[in-house]
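# Results of the structural survey
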Amino acid sequence: MRLPRSVSRWLAVGLLVTVLSAGADALVAAPALATSDEATSAATSTPTSSPSPTADGSLRLVSSDPVQGDPLRFAWSTSTPAEHDWVAVYDDPAQGPTHQTHVGASTAWSYTPGEGGTVTIPSTALTAGHPITAYLLADDGYRWLAPPVTFTLAAPTSGPTNDGTLRLETTGAHVGDTVRFSFSTTSPDARNWIGIYADPSTMPADGQSHGASTTWTYVPATTTGTADLSTAGLPADTRIGAVLLYADGYQRLAPPITFTLTPAAPLVGTGAPTTAHFLQDDVVEPATRAGTAIHRTVAGAWRATDGGRPTVAPTFASTAGPDWLRVAPDGTVTGTAPSSSLLHPALLTVTATASDGVTGSVVLEFPVTDPGTPPRVKAETLEAWDGGTHVDDPVEKLARSVVADRVDLLALQDTSGDEAQELATALGWDVETAPGGRAVLSAWPLQPRAGVSPRLQALSVTVDVAGTRVVVWDVDLPTSAVDPASVCTAGAARTVAAERDTDTTRAAVAIADRVRTDVRTGARVVLLGALRSPSHLDWTRADDTCGVGPVAWPVTAALAAAGLRDAYRTAEPSVAAHPGATTDVFDGRSVGATPSAARDAGVPPSTGRQDAVLVAGRIAVTEAHTAVDGFPVAGSRANRWTSDHLAVAATLVLTEDSGAGTPATGGTGPARPGGATPVGGDGRPGAHPASDPRADPSGPLAFTGSTGLLGTALVALTLLALGASALRRRRARPVTGSTDDPSDPTTRTTEQEGPR
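How each quantity is defined
Residues numbered from 1 in each chain as written. Predicted model: local features only at pLDDT ≥ 70, side-chain atom pairs only at ≥ 80, totals over all residues. Heavy atoms only, no water. Pairing = 2+ DSSP bridges. Helix = DSSP H or I, 4+ residues; strand = E, 2+ residues; numbered from the N terminus. Axes fitted to C-alpha atoms, helices over the stretch in contact; angles between N-to-C directions. Phe/Tyr/Trp six-rings, centres within 6.5 Å; stacked < 30°, edge-to-face > 60°. Buried < 20%, exposed > 50% of the residue type's maximum accessible area, 1.4 Å probe, protein only. Disulfide = S-S within 2.5 Å. Salt bridge = Lys/Arg side-chain N within 4 Å of Asp/Glu carboxyl O. Core = buried A, V, L, I, M, F, W, Y, C linked by side-chain atoms within 4.5 Å. Contact = heavy atoms within 4.5 Å. Right-handed = clockwise from strand over helix to strand, strands pointing away. Parallel < 35°, antiparallel > 145°, perpendicular 65-115°, else oblique. Left-handed = near helix turned anticlockwise from the far one by under 90°. Nonpolar A, V, L, I, M, F, W, Y, C, P; charged D, E, K, R; others polar. Arc of directions from axis to C-beta. pLDDT = per-residue confidence, 0-100.

In this section: the sheet that holds strand E8 (residues 165-168). On the basis of which strands lie adjacent, the open sheet formed by three strands has the order E8-E9-E12 and antiparallel pairing. Of all strands in the sheet, those with a lone pairing partner are E8 and strand E12 (224-230), marking the two edges. Neighbouring strand axes in the sheet, compared pairwise and without regard to direction, differ in orientation by 25° on average. Bridging between strand E9 (residues 178-184) and E12 involves seven bridges; their strand directions are antiparallel. The partner of phenylalanine 181 across the bridge, within E12, is alanine 227.

The next subject is the sheet that holds strand E24 (residues 359-366). Think of a sheet as strands paired side by side through backbone hydrogen bonds, with each pair either parallel or antiparallel. As summarised here, the arrangement of the four strands in space is E16-E24-E23-E20, forming an open sheet in which the pairing is mixed. Of all strands in the sheet, those with a lone pairing partner are strand E16 (282-284) and strand E20 (315-320), marking the two edges. Here the average twist between neighbouring strands, direction ignored, is 30°. Alignment of E16 against E24, held across three bridges, turns out to be parallel. Considered in E24, the bridge of valine 283 is made with leucine 364.

This next bit is on the packing of aromatic side chains. The relation between two aromatic rings is expressed through the spacing of the ring centres and the mutual angle of the planes. Taken as a whole and assessed by the stated rule, the structure comprises 14 aromatic pairs. A centroid spacing of 5.8 Å and a plane angle of 75° characterise the contact between tryptophan 86 and tyrosine 142, whose relative ring orientation is edge-to-face. Residue tryptophan 86 is found in strand E3 (residues 86-90), and its partner tyrosine 142 is found in the loop between strand E6 (131-137) and strand E7 (149-152); the two are separated by 56 residues along the sequence. For the pair formed by tryptophan 86 and tyrosine 142, the shared burial category is buried. Seen in terms of ring centroids, tyrosine 90 and tyrosine 135 are 5.8 Å apart; in terms of plane orientation they differ by 85°. Their pairing is edge-to-face. Here tyrosine 90, found in strand E3, pairs with tyrosine 135, found in strand E6; they are 45 residues apart in sequence, far enough to count as distant. Here the aromatic residues Trp86, Trp109, Tyr111 and Tyr142 are joined through ring pairs into a cluster of three or more.

It is worth spelling out the state of the cysteines at this point. In protein structure, a disulfide is the covalent linkage between the sulfur atoms of two cysteines. Taken as a whole and judged by the stated rule, the model has one disulfide. With its sulfur 2.1 Å from that of its partner, cysteine 488 forms a disulfide with cysteine 546. Disulfide cysteine 488-cysteine 546: torsion about the S-S bond near -95°, hence left-handed. Of the two residues, cysteine 488 sits in helix H4 (residues 487-490) while cysteine 546 sits in the loop between strand E33 (525-530) and helix H7 (554-561), which places them 58 residues apart along the sequence. Of the residues examined, cysteine 488 reaches a relative accessible area of 15% and is grouped as buried. Accessibility expressed as a relative area gives 25% for cysteine 546, which makes it partly exposed.

Taken as a whole, this structure holds 18 salt bridges when the rule is applied. Arginine 516 is paired through a salt bridge with aspartate 513; the nearest N and O atoms lie 2.9 Å apart. On the criterion of helical spacing, the pair formed by arginine 516 and aspartate 513 is a turn pair, its members being three residues apart in helix H6 (residues 503-520). A single network of salt bridges, built from pairs that share partners, joins Asp538, Asp566, Arg569 and Arg609.

Moving on: the nonpolar core. Formed by 47 residues in total, the largest nonpolar core has its most connected members in Leu364 and Leu441. For this core, the elements supplying multiple residues, two or more each, are strand E21 (325-327), strand E23 (346-353), E24, helix H2 (394-404), strand E27 (409-413), helix H3 (419-427) and strand E29 (438-442). Considering each element in turn, this core owes the most residues, five residues, to H3. Discounting residues that sit within four places of it in the chain, leucine 364 has contacts with Val283, Glu285, Val298, Val333, Ala346, Leu347, Leu348 and Val350. Grouped together as the second largest cluster of nonpolar side chains are 27 residues, Ala434, Trp444, Val621 and Leu654 included.

Counting buried positions along E27 gives five out of five residues, so the element sits mostly inside the fold. Sheet topology places strand E26 (residues 376-383) next to E27; five bridges connect them, and they run parallel. Each bridged residue has a counterpart across the sheet, and for leucine 382 the counterpart in E27 is leucine 412. On the question of chirality, the crossover connecting E26 to the parallel E27 by way of H2 is right-handed.

Where H2 meets H3, the axes come as close as 10 Å, and the angle between the chain directions of the two elements is 50°. Taken together, the axes of H2 and H3 lie oblique to each other. The handedness of the crossing between H2 and H3 is right-handed. Residues Val395, Leu398, Ala399, Val402 and Val403 of H2 pack against Glu419, Glu422, Leu423, Ala426 and Leu427 of H3. The class makeup of the residues in the contact of H2 with H3 is eight nonpolar, no polar and two charged.

With that settled, the discussion passes to the pairing of E24. Consecutive residues of a regular strand have side chains that alternate between opposite faces of the sheet. Judged from the eight bridges that link them, E23 and E24 form a sheet pairing that is antiparallel. Bridge assignment links threonine 353 to a residue of E24, and that residue is threonine 359. Between E23 and E24, which pair antiparallel and follow one another directly, the connecting turn spans five residues, one of which, glycine 357, has a positive phi of 90°.

Let us look at helix H5 (residues 492-500). Looking at H5, one finds that the buried residues are Ala492, Thr495, Val496 and Glu499. Along the axis of H5, the buried residues cluster in a sector spanning 95°; they form a single face. Those residues of H5 that are exposed and aimed more than 90 degrees away from the buried face are Ala493 and Arg494. The elements touched by buried residues of H5 are H4, H6 and H7.

Right, let's get into the confidence of the model for the protein chain. Caution applies to low-pLDDT parts of the model: their predicted coordinates are not meant to be read in detail. The predicted model of the protein chain has a mean per-residue pLDDT of 80, with 76% of residues at 70 or higher. Under a pLDDT of 50 for its full length, residues 266-272 has, in the predicted model, eight contacts with residues more than four places off or in other chains. Note on residues 658-713: pLDDT under 50 across the span, and 99 contacts to partners over four residues away in sequence or across chains.

Quick look at the structure:
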């Protein structure tokens, strides 16, 4: 039977859509099947980069007779390791992935990358007396890598009580002093500890951590006693919290207390020590990932009486610390971190003995984090003011400041002589310098970058932060010929136009063009430096800008257009509360700016925010601040602070997912001393699987998966039905004018659509 063309076309369209939908669905389904939690096999026609997860591994609770509140240690192994494999513990087993799909949030968890090892997970959020289930799961998902483990926690036989006392015995303490606490408790334990919290609102409550402690110390395993603790790195003139806690956990043993430290008094005279000494008596090293090698040196931290290098090097030795850390006679510290994270940093006491018999000691703190913990780096930038030559002992003073503020990445501008190299030696860090007084120093390994034009007024290096590559730029722009304060009298338009026509802006634009290349590659970028210009982010509202309205300062606008984010303004968005000026160390005025009548016109302090930490890529900013030591006095060589600018510092987390701001820290993972593992807000790593990014939600055929197949099939069937209906109509009714007999079984319809 030959079909009419109209019918043929409907049928052809229907068949074509059916074939296309089946083929498209097969293309979509193939990768989905390869990753689906419910797939039993994967396509073999396309090679994969890694084997599919299998449940042939093992998970075992190592802790014997576990008690609620005690840390739980698990041993695990897998033949198909992935970076984001994880152990999840469910207080309610019904919430676990019993069918290898997500049901509910885990109660506690930790990443377990690698083929095997041990991991410690706190049990403070778990309850005693009923079954609890733990799973070893694949790559941020819910596929089993091993059969689950079920166990029960025993209730504490004599749980800790909150009826003890904690008291600060030291009065009138300054920042940097060592203070003494006294305590009493009815639950003595060798792991009881005092946590100090710069923000009292983050102190533990109800057995749960609400943020990492700023510093901490163990207390004796007695019912009463005392403990000493250094206040280096704590803030002045603000309430600080202290709490006595039970057995490496977060159960309070006494009501918390608060106290306030006063700023360190200004120096009078040289203030030089009278004997050889270490820079500080306590140094917190950068966090080390579990199972990785450690290589540090404390040789440069031993200083002569005048603050310089000793003529004869002392002999170094370990007098206390874990057996996995060793100290060589030349001050080199080596070892391999334990295979799982530590609840508290390891403490290593190193003693130096000089040739004349003088001795000194320093305590090194080594935080050890889980391999899956995103690395953190504290970056600081400082205009060095002619290499610190305006004060006595600039290298030792600056080194003390860096150690006290726990900085591990430092960019300097306007250095002179061998200041940068001497500072790196004192800290035991890597250093890279460039003409013009720029220098980058890092506790992490760094390498200079090739292909950066020497005409750029910047130094660029790469830093390896716990295995994560970071591109670092150190920028020192020329001093602007435009007084920023003039914006209040000349207005925004005239001031910005004048600023655009300066070497400052031209240099910034050239650097921004080069940095944009790094940003576009997806690199993590940190730019530190002296920008010599205010920020456009600070001049957005009339009440912040002496009435002139928004000001598009061209230097920072060019860098922002290259994809860089301002770390300080990210952490402190209120310009009124945190102007962040860096050029007003001595008298509150912009150093180097031309005095003018504008200074009497209410010039905003943010005019002086001319030094910055900028970031791009997968970096989250957790805090940022300006820094200065003591009370610098103009013309005094005794100042502890070596510069005429404040430093700008920011704590950065090198995240896996792109985005600015602070990463989520929900869940019940321990916010322990030394840093916490960020966890998803629903109690598991990451988030629920996102929809296929290849699926375009626009367009009439933008469907994927089984829903897409059904929808497209319905369209095809509708078209086929239309074709069949047309066919029936034509078979039932001859075309007008036909001479065919309707009762004749051989009747044919007449083609009416043109020549055949």
